[in-house]
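# Architecture and fold: a report
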Amino acid sequence: MSTVAVIDYGMGNLHSIAKALQHADPSVIVTVTADRETILHADRVVFPGVGAIRDCMAALQRLRLDAVIREAAAEKPLLGICLGMQALLDSSEENGGTPCLGLIPGRVVRFAESTGNASSSQQELKVPHMGWNRVHPLRAHPVWDGLDHDRWFYFVHSYYAQPTDPRCIAATTYYPEPFASAVAKGNIIAVQFHPEKSQADGLRLLANFLRWRPEP
Amino acid sequence: MLAKRIIPCLDVDNGRVVKGVRFVDIRDAGDPVEIARRYDQEGADELTFLDITASHENRDTMVHVVEQVAGEVFIPLTVGGGIRKLDDIRRMLNAGADKVSINTAAVFEPEFVKAAAERFGSQCIVVAIDAKCVGTDPLRWEIFTHGGRKPTGLDAVEWAQRMVDYGAGEILLTSMDRDGTRIGFDLAVTRAISEAVPVPIIASGGVGNLQHLADGVLEGKADAVLAASIFHFAEFTVREAKEFMAARGIEVRL
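About the criteria used
In this numbering scheme, every chain counts its residues from 1 along its sequence in written order. Each chain gets a letter, beginning with A, and each ligand a number, beginning with 1, in the order they are written. Residues qualify for local features only when their pLDDT is at least 70, as the model is predicted, and side-chain atom pairs are given and counted only at 80 or more; totals for whole chains, interfaces and linings, by contrast, use all residues. Side-chain numbers here rest on the full set of heavy atoms in the structure, without hydrogens or water. Numbered from the N terminus, helices here are DSSP runs of H or I no shorter than four residues, and strands are runs of E no shorter than two. Computation of the radius of gyration draws on C-alpha atoms, with the globule rule given as 2.2 Å multiplied by the number of residues to the power 0.38. Using the Shrake-Rupley algorithm and a 1.4 Å probe, accessible areas are obtained, with residue cover drawn only from the displayed protein chains. As used throughout, the charge tally considers Lys and Arg to be positive and Asp and Glu to be negative, leaving His and the chain termini uncounted. One atom stands in for each charge, and that atom is NZ of Lys, CZ of Arg, CG of Asp or CD of Glu. For helices, the fitted line uses only the C-alpha atoms of the stretch in contact; every axis is such a line through C-alpha atoms, and the angle between N-to-C directions lies from 0 to 180 degrees. Oblique is the label for any angle not covered by the other classes, which are roughly parallel (under 35 degrees), roughly antiparallel (over 145) and roughly perpendicular (65 to 115). Here a crossing is taken to be left-handed if its near helix is turned anticlockwise relative to the far helix by less than a right angle, and right-handed if that turn runs clockwise. Only heavy atoms matter for contacts: two residues are in contact if any of them lie within 4.5 Å across the pair. Any residue outside Ala, Val, Leu, Ile, Met, Phe, Trp, Tyr, Cys, Pro, Asp, Glu, Lys and Arg is labelled polar, Gly included; the first ten of those are nonpolar and the last four are charged. Of the two site types, the cavity is a set of points on a 1 Å grid over the protein atoms alone where a 1.4 Å probe fits but cannot get out, and the pocket is an open set with protein on both sides within 12 Å along at least five of seven lines, each lined by residues with an atom within 4 Å of a point. Grid points are joined across faces, edges and corners, and a volume is the space filled by probe spheres set on the points. Note: buried area is the sum, over both parts, of the accessible area (probe 1.4 Å) each one loses when the two are combined. Think of a salt bridge as a Lys or Arg side-chain nitrogen and an Asp or Glu carboxyl oxygen that are within 4 Å of each other. pLDDT gives the predictor's per-residue confidence on a scale running from 0 to 100. Exposure classes here rest on a 1.4 Å probe applied to the protein chains alone. A residue is buried below 20% of its type maximum, exposed above 50%, and partly exposed in between. Residues adjacent in sequence count toward polar contacts only when both atoms are side-chain atoms; beyond that, a polar contact is any pair of N or O atoms within 3.5 Å, and within protein one must be able to donate a hydrogen and the other to accept it. As used here, the arc is the angular range of directions from the helix axis to the C-beta atoms. The nonpolar core is taken to be a set of buried Ala, Val, Leu, Ile, Met, Phe, Trp, Tyr and Cys residues, with the residues joined through side-chain atoms within 4.5 Å.

Each helix and strand counted, chain B has 10 helices and 11 strands in total. Since a compact globule built from 254 residues should have a radius of gyration of about 18 Å, the 17 Å found for chain B is in line with a globular shape. When the backbone C-alpha atoms are referred to their principal axes, chain B occupies close to 50 × 45 × 35 Å. Carbon and sulfur atoms make up 48% of the accessible area of chain B, which amounts to about 9600 Å² in all. Where the 29 positive side-chain charges of chain B centre and where its 39 negative ones centre are 1 Å apart.

Given below as structure tokens:
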């Protein structure tokens, strides 16, 4: 029986992600937990999150989960979602600059808001980037199985990841310029959108993650 | 690019969806889970649940409704009606809601919006604005409470800007002049507020046909359109609405 641990550090809607994982694969045992041993014994780990990055990093450090996430990522498939993706980079410019976990080289930056005097040909940029947008996979990855054709996923965020190494970018989305909507490196796959809120394609991505066995 | 969203709104009273529901082939036309599932299958981009009684006793029922829907329908869910305390928000989010819509409480205690955004993040704080036209030269709209009966003296555009400054991640704008009329959104107020704030605007109030939805986006500059009756009664499906909008060059998720 395969197990997946959803890391609970008090940031965000864990009910939804747990239910969606269970729905994606009813045979998987899903545990929402902050317990180090449970996380490290699980076959797979999901690292979700919504809110502000400084609160996220502070909560991870207080619960000593930063080290657990690094350890887990070295050993088993780890899925970062939304703020859980951003926290994997070196740093974020949110909250006046916040050091992050450093598992993916690069930084997290804010979308530039429209100034109101943009020319009419330019798309007015609302921030947060909220709603359904297309995800263009840039590299083959088992989580894209059946989803390689620019599918729609649900986003809510004001900041986005800028990985230093373009090879880490697993998918891009246009808003209005392309940004990294998914990153991948070794055991880590992380997405800016919310697969747990992206209907059938979101469940498919979760099911793909639950089947994924990274090459050693 | 980012799709424009279509959001069916479900009025919930004591755990049941009320106000006419067209789905004749489902077992129980008032069951929130079945109705939510049907809208999801038709391609709804989000769902909004409005607790129309919003009494203290009803809150537990609403939490239960959200829990049930969130367990089966995997699109964003917003809950509005009677959200007055941080604990109301916490309970709704824990039950599986993605956003809460704050209306009256924002008017009486603006700092509540600030506290809510700081605690839970702007992404889940929708401020609902009920606006009514109070002047035509120049055009001016004012915030009303109690279903459009009580004026507050607050200018709608300034109020929207203030709510965004306080951390609202989205504005749900209802025209009290148009609500229930089926003659279309108040496009002028929609556009005025959409151009005045950097966050997404959901237009609401007055939809009677599919052209109204398209107008809300094309002329009102809304990022999302919310409607209740055209989807509840046997008029249009969400998919028909999306196909209509797509044919007019609006990016939608189909």
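Here we come to the packing of helix 3 (residues 86–95) of chain B against helix 5 (residues 110–120) of chain B. Residue and element names in this part refer to chain B. Contact geometry of helix 3 with helix 5 gives a least axis separation of 10 Å together with a crossing angle of 40°. Judged on the interaxial angle alone, helix 5 and helix 3 are oblique. Handedness of the crossing formed by helix 3 with helix 5: right-handed. Contacts from Leu86, Ile89, Arg90 and Leu93 of helix 3 reach helix 5 at Phe112, Ala115, Ala116, Arg119 and Phe120. Across the contact of helix 3 with helix 5, the residue classes tally to 7 nonpolar, no polar and 2 charged.

Residues and elements named next belong to chain B. The calculated volume of the second largest pocket comes to roughly 1000 Å³. Lining the second largest pocket are 40 residues, and of these Asp11, Leu50, Asn103, Asp130 and Asp179 sit closest to its centre. Of all elements in the fold, only strand 1 (5–13), strand 3 (47–51), helix 4 (104–108), strand 6 (125–136), strand 9 (170–175), strand 11 (224–227) and helix 9 (229–232) reach the threshold of two or more residues within the lining of the second largest pocket. Top contributing element to the lining of the second largest pocket by residue count: strand 3, with 3 residues.

Turning our attention to the interface of chain A and chain B. Contacts between chain A and chain B engage 32 residues on the former and 37 residues on the latter. Summing both partners gives a buried area of about 2800 Å² for chain A against chain B, and 57% of it is carried by carbon and sulfur. Our count for the chain A to chain B interface comes out at 2 salt bridges. A salt bridge links Lys126 of chain A to Asp223 of chain B; the shortest N-O distance between them is 3.1 Å.

Looking at chain A as a whole, the pLDDT averages 92, with 94% of positions reaching at least 70. In this model residues 115–122 of chain A is a low-confidence stretch, pLDDT under 50, and it forms 0 contacts with partners more than four residues away in sequence or in other chains.

A word on the side chain of Thr33 of chain A. All names here are of chain A. Positionally, Thr33 belongs in strand 2 (residues 29–33). Overall, Thr33 belongs to the buried group, its relative accessible area being 9%. Separated by 2.8 Å, the side chain of Thr33 and the backbone nitrogen of Asp35 make a polar contact. Ignoring sequence-local partners within four residues, the contact set of Thr33 consists of Ala5, Val6, Ile7, Asp8, Thr38 and Ile39.

Residues and elements named next belong to chain B. Within helix 5 the residues assigned to the buried category are Pro110, Phe112, Val113, Ala116, Ala117 and Phe120. One side of helix 5 carries all its buried residues, which in axial view fall inside an arc of 150°. Turned more than 90 degrees away from the buried face of helix 5, the exposed residues are Glu118 and Arg119. Buried residues along helix 5 sit in contact with helix 3, strand 5 (99–102), helix 4, strand 6 and helix 6 (156–165). Count one or two residues on from helix 5 and you reach Gly121, which has phi positive near 95°.

Our focus in this paragraph is the nonpolar core. Counting 86 residues, the largest nonpolar core has Leu47, Ile89, Ile102, Ile171 and Leu213 of chain B as its most contacted members. In this structure Leu213 of chain B touches Phe185, Val207, Val225, Ala227, Ile230, Phe231, Ala241 and Met245 of chain B, once residues within four positions along its chain are discounted. Within the second largest apolar cluster, 41 residues are counted, among which are Leu21, Val28, Val135 and Leu147 of chain A.

Residue and element names in this part refer to chain B. Applying the stated criterion across every chain, the model contains 23 salt bridges over all chains. Ionic pairing is found between Arg37 and Glu72, a salt bridge with its closest N-O pair at 2.5 Å. Placement of Arg37 in helix 1 (residues 32–42) and of Glu72 in the loop between helix 2 (56–70) and strand 4 (77–80) is noted, with a sequence separation of 35 residues between them. Between Lys114 and Glu111 there is a salt bridge; the shortest N-O distance is 3.9 Å. With Lys114 and Glu111 both in helix 5, this residue pair falls 3 residues apart, about one helical turn. Judged by its relative accessible area of 44%, Glu111 falls in the partly exposed class. A single salt-bridge network, built from bridges that share partners, covers Arg5, Glu46, Lys99 and Glu170.

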